[in-house]
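# Survey of secondary and tertiary structure
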Amino acid sequence: MIEKERQQLLDELLEKQKQGRLKPSDRFAIPCQQMPQQDAMERKNNVEEVTTGYSETQARLEAMRCLGCKTAPCVNGCPVRINIKDFITAIADGEFAKALGIIKENSLLPAVCGRVCPQEVQCQEKCTVGLKFKDVNKAVSIGRLERFAADWGDKQNEKDVPKIAAKTKIKVAVIGSGPGSIVAAADTARAGHDVTMFEAFHKTGGVMVYGIPEFRLPKKIVQKEIDVLEKMGVKIVRNFIVGKTRTIEQLMSEDGFDAVYIGVGAGLPKFMGIEGESLVGVYSANEYLTRANLMKAYKFGNGSDTPIIRSKKIAVVGGGNVAMDCSRMALRLGAEKVYLLYRRTEKEMPARVEEVHHAKEEGVEFHTLQSPQKIIGDENSCVKAVECIKYELGEPDESGRRRPVAIENSEFTIDLDAVIIAIGNGANPLIGQTTPNLKFNKWGNIIVDENCKTSIDGVWAGGDIVLGSATVILAMGQGRGAAAAINKYFAEKLSERSGDN
Amino acid sequence: MAESGFERNFIFGRVKKMSHKIIHKEQLSENVFAIDVSAELIASAAKPGQFIILAINSEYSERIPLTIAASNAEKGTIRLIWQRLGKTTTELADLKVGETIENIAGPLGKPTHLENFGLVVCVGGGIGCAPLLPIATALKKQGNKIISILGARNKELLILESEFAAISDELIVTTDDGSLGRKALVTEPLKEICQRKQKPDKVFVIGPAVMMKFCCEVTKQFDVPTDVSLNTIMIDGTGMCGGCRVEIGGETKFVCVDGPEFDGHKVNFDLMLKRLNAYKNHEQKALEQYKEHKCKIGLDKKTERKK
């Protein structure tokens, strides 16, 4: 469908609507608006964003597919309960500023969430339109519309700074600068508190900057959100490792912080524990992506001093979004062959359907029901091959996914020059080692109550350090919840105090 | 309440971009440099055995780990000593007093376990003498008797001899060519000391991986507990990337959060040596480019004239 045809269709639909003749059957008949994207063969040679976003006409057409269900089941699928129905109606009406305003009531990072949220298992899974077609891919593209509204807002060139309540003199420390921390910092700053954000790296944004690649989430989008925080008066301290530079105890007893939010993420890569995992050319996904994204190793020798091995044949182990990111980054770094090795089948992959689709389009070879059991090195201890074994699916395990069972004598080898292990992250032990009273569960995640409060008074936590490896939106939800709890806690304290006087 | 270093930082408005000014600089040998650089928060938190990660520039620089050779909480400075090898260490050596390093994060790693062991041998090789000095100094303060063995390829490359002399009960210097002290490798006197009537209670070795490997082979024969400090390739230094991983007694450990000090008898040095060389070609390329760039903008000439 070309833009002119789209415009014509939109005009017809709007006319019908004006006359009150627009029926659900008309809405069902609107074709799903495909996301414009860079050609696969072209994009695998650059780091520019893969998808380029809806045009206004496309956005309005897609929004008109929404039936406006009274019960709005989509909202129940959203971890932060965005008023989806209303913002989509606003887009259909061409009122984009209003749409963005509605989203921002609940989500601080629409440009990010519109891009990286797994909508197909959240809002879009519940969409009546998708259910009618018995295909979640035919649901209203809520995520793309969210992104459209956010990008439209950015183009208006005025990033509005939220209103700040009267200053309270309450000092809040936010540890980490990922999605949960950004929201926690913004919401506590909005309540008038004096907020300082601490980041261990020399750049802010957490996993959105070191982990998620540029081609999926442009870094300038994240930077804009950080800029807004600074405009709101949030102080940002980089190169500051809480637990090492100062402990939480010191921040509270010596530096005068009244509250602390811990949002340090799940930064401890898991390895498989197989032979050869320390050979040269074996990377954790974190290391590979950090070199490539944060340190811009794709520009090595031309604007970056951080090297990365430029492999010709590479295997990525895992089936999540991070495994897809690594595979696609490897292609952009010049790999000729990228094999994705996964123990289960594509159906069980935790990665988003869209990411799997993009990876395949770009030429990543999916090898499912296989997993490495040994990495083989050459005389210089560099990776030269990987020995794999084949699997079949057995009975479902406690996660409900069918358990992979190794097939005896099915070993085979693949020649390679690098392996990336992308099988997840554990909890980083740094805060635990230096905060004796903080309670952790057996996986090293911080234990919190329903308001994200930890076992220490005045300390809250959220995101992956609480949830294990989760999503941007869930981290955001927790940052919001924790901030609300922090604000409530101090509002009560302040009113008690004024009551005493 | 007294102002903490943190509060002072805010008052001076430096916290937003805690840039780190070079206060003092010296050249210890042809390729070894030392600076005192302002890093108030790190200086007040640093303990012997810990390290920092620095990136000269936020946009293009790589992140490299360097051990804290000394820290002065009062002045708010830390001392860094490094060897000019690749591009980043060369660029660092080209910085002058008054210039700044954009990013320094730390102190990282677990501090040295200090106690009164009794007789301690401290073995430093080349640039390894720098991180060894604060450890030896602290061990001396704990009441240990210190024998220091310092080794270098030649007289010019030996650093910190007088500093070690001041805190050692016995000091042995070795050079490969005999231009200073004994013409020997450090393993020779180490072995002799292990054979003495009073066997050492503990040995600390810091130096090139190869040297640490052979020292550990010696002390293992005599069953003397030996700690080594490893300096591997790192990015974040907080346990996030796993690039620094080493094999200790068959288990994977991260130098940044589990170390940098380990039981030397359990370290798989051969694998570590290979991992250290992972980017050798890249490093050479980057260094050549940097030198070429310096020629073009005339930086090399400026330094020439100054000499």
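These figures come from a predicted structure and were not determined experimentally.

Here the focus is the pairing of strand β12 (residues 202–206) of chain B. Consecutive side chains of a regular strand alternate in pointing toward one face of the sheet and then the other. All names here are of chain B. For β12, a buried count of five out of five residues is recorded, marking the element as mostly surrounded by other parts of the structure. Burial along β12 is two-sided: Lys202, Phe204 and Ile206 and Val203 and Val205, pointing in opposite directions, are all buried. Judged from the three bridges that link them, β12 and strand β13 (residues 226–229) form a sheet pairing that is parallel. Looking at the pairing, Phe204 lines up with Asp227 of β13. In the classification by handedness, the crossover that spans β12, the intervening helix α7 (residues 209–221) and the parallel β13 is right-handed.

Turning to a negative patch on the surface, a few remarks are in order. All names here are of chain B. Together, Glu30, Glu156, Asp176 and Asp177 make up a region of like negative charge exposed at the surface. Positionally, Asp176 belongs in the loop between β10 (170–175) and β11 (182–183). Given a relative accessible area of 39%, Asp176 falls into the partly exposed group.

In many reports, interface size means the accessible area that the parts give up when they come together. Between chain B and chain A, the residue contacts involve 52 residues of the former and 55 residues of the latter. Buried surface at the junction of chain B and chain A, both sides included, amounts to about 4,400 Å², of which 58% is carbon and sulfur. On inspection of chain B and its partner chain A, the count reaches three salt bridges. The partner of Glu59(B) in a salt bridge is Lys296(A), and the shortest N-O contact between them spans 4.0 Å. Of all the secondary structure elements, the ones that give two or more residues to the side of chain B that touches chain A are α1 (5–11), α2 (40–45), α3 (87–94), β7 (103–108), β15 (251–254), α9 (269–276) and α10 (280–297) of chain B. Residue classes in the side of chain B that touches chain A are distributed as 22 nonpolar, 16 polar and 14 charged.

The subject of this paragraph is the state of the cysteines. Scanning the entire structure with this criterion turns up zero disulfides over all chains. This cysteine, Cys69(A), is not joined by any disulfide, and Cys66(A) carries the nearest cysteine sulfur, 6.4 Å off. No disulfide involves Cys215(B); its nearest neighbouring cysteine sulfur is the one of Cys216(B), lying 6.9 Å away.

Time to look at the pairing of β15(B). Residue and element names in this part refer to chain B. Two elements, strand β14 (residues 245–248) and β15, share four bridges in a ladder whose sense is antiparallel. Note on β15: the bridge partner recorded for Val246 is Lys253. Connecting β14 to the antiparallel partner β15 that follows it, the hairpin turn spans two residues, and Gly249 within it adopts a positive phi of roughly 55°.

This part covers the sheet that holds β7(B). All names here are of chain B. Strand order in the open sheet formed by seven strands is β6-β1-β2-β5-β4-β3-β7, and the pairing between neighbours is antiparallel. With one partner strand each, in any of the chains shown, β6 (100–101) and β7 form the two edges of the open sheet. Note that strand β2 (residues 32–38) and strand β5 (residues 77–83) share seven bridges and pair antiparallel. Looking across to β5, one finds that Val32 is bridged to Gln83. Lying over the sheet, α3 contacts β1 (20–29), β2, β3 (51–55), β4 (64–72), β5 and β6, oriented at roughly 125° with respect to β5.

For the rest of this paragraph, the subject is the sheet that holds strand β2 (residues 194–198) of chain A. Residue and element names in this part refer to chain A. Reading across the sheet, the five strands line up as β3-β2-β1-β4-β16 and stay open at both edges, with parallel pairing between neighbours. Both outer strands of the open sheet, β3 (235–237) and β16 (459–461), are each paired with one neighbouring strand and no more. For this sheet, the mean angle separating the axes of adjacent strands, direction not counted, is 20°. Bridging between strand β1 (residues 171–175) and strand β4 (residues 259–262) involves four bridges; their strand directions are parallel. Bridged to Val174 within β4 is Tyr261. The strands touched by helix α11 (residues 179–190) within the sheet are β1, β2 and β4, with β2 carrying the most contacts at an inclination of about 165°.

This part is about the domain arrangement of chain B. Residues and elements named next belong to chain B. According to the domain assignment, chain B consists of domain 1 (5–108), domain 2 (119–276) and domain 3 (279–307). With seven residues of domain 1 at the interface, the matching set in domain 3 holds five residues. Surface buried jointly by domain 1 and domain 3 totals about 580 Å² across both partners, of which 67% is contributed by carbon and sulfur atoms. On the domain 1 side of the contact with domain 3, Lys87, Asp94 and Lys96 bury the most area, a combined 64% of that side's loss. If you look at where domain 1 meets domain 3, you find zero salt bridges. Linking domain 1 to domain 3 there are one residue pair in polar contact (both at pLDDT 80 or more). Grouping the amino acids of the side of domain 1 that touches domain 3 by side-chain chemistry returns one nonpolar, two polar and four charged.

Cut-offs applied
- Residues numbered from 1 in each chain as written.
- Chains lettered and ligands numbered in written order.
- Predicted model: local features only at pLDDT ≥ 70, side-chain atom pairs only at ≥ 80, totals over all residues.
- Heavy atoms only, no water.
- Buried < 20%, exposed > 50% of the residue type's maximum accessible area, 1.4 Å probe, protein only.
- Helix = DSSP H or I, 4+ residues; strand = E, 2+ residues; numbered from the N terminus.
- Pairing = 2+ DSSP bridges.
- Right-handed = clockwise from strand over helix to strand, strands pointing away.
- Patch = residues over 30% accessible without salt bridge, like charges linked within 9 Å, V, L, I, M, F, W, Y side chains within 5 Å.
- Areas by Shrake-Rupley, 256 points an atom, 1.4 Å probe, with all protein chains shown as cover.
- Salt bridge = Lys/Arg side-chain N within 4 Å of Asp/Glu carboxyl O.
- Lys, Arg positive; Asp, Glu negative; His and termini not counted.
- Charge placed at Lys NZ, Arg CZ, Asp CG, Glu CD.
- Contact = heavy atoms within 4.5 Å.
- Buried area = accessible area lost by both parts, 1.4 Å probe.
- Nonpolar A, V, L, I, M, F, W, Y, C, P; charged D, E, K, R; others polar.
- Disulfide = S-S within 2.5 Å.
- Axes fitted to C-alpha atoms, helices over the stretch in contact; angles between N-to-C directions.
- Domains from an automatic or database assignment.
- Polar contact = N/O pair within 3.5 Å; in protein donor to acceptor, adjacent residues only side chain to side chain.

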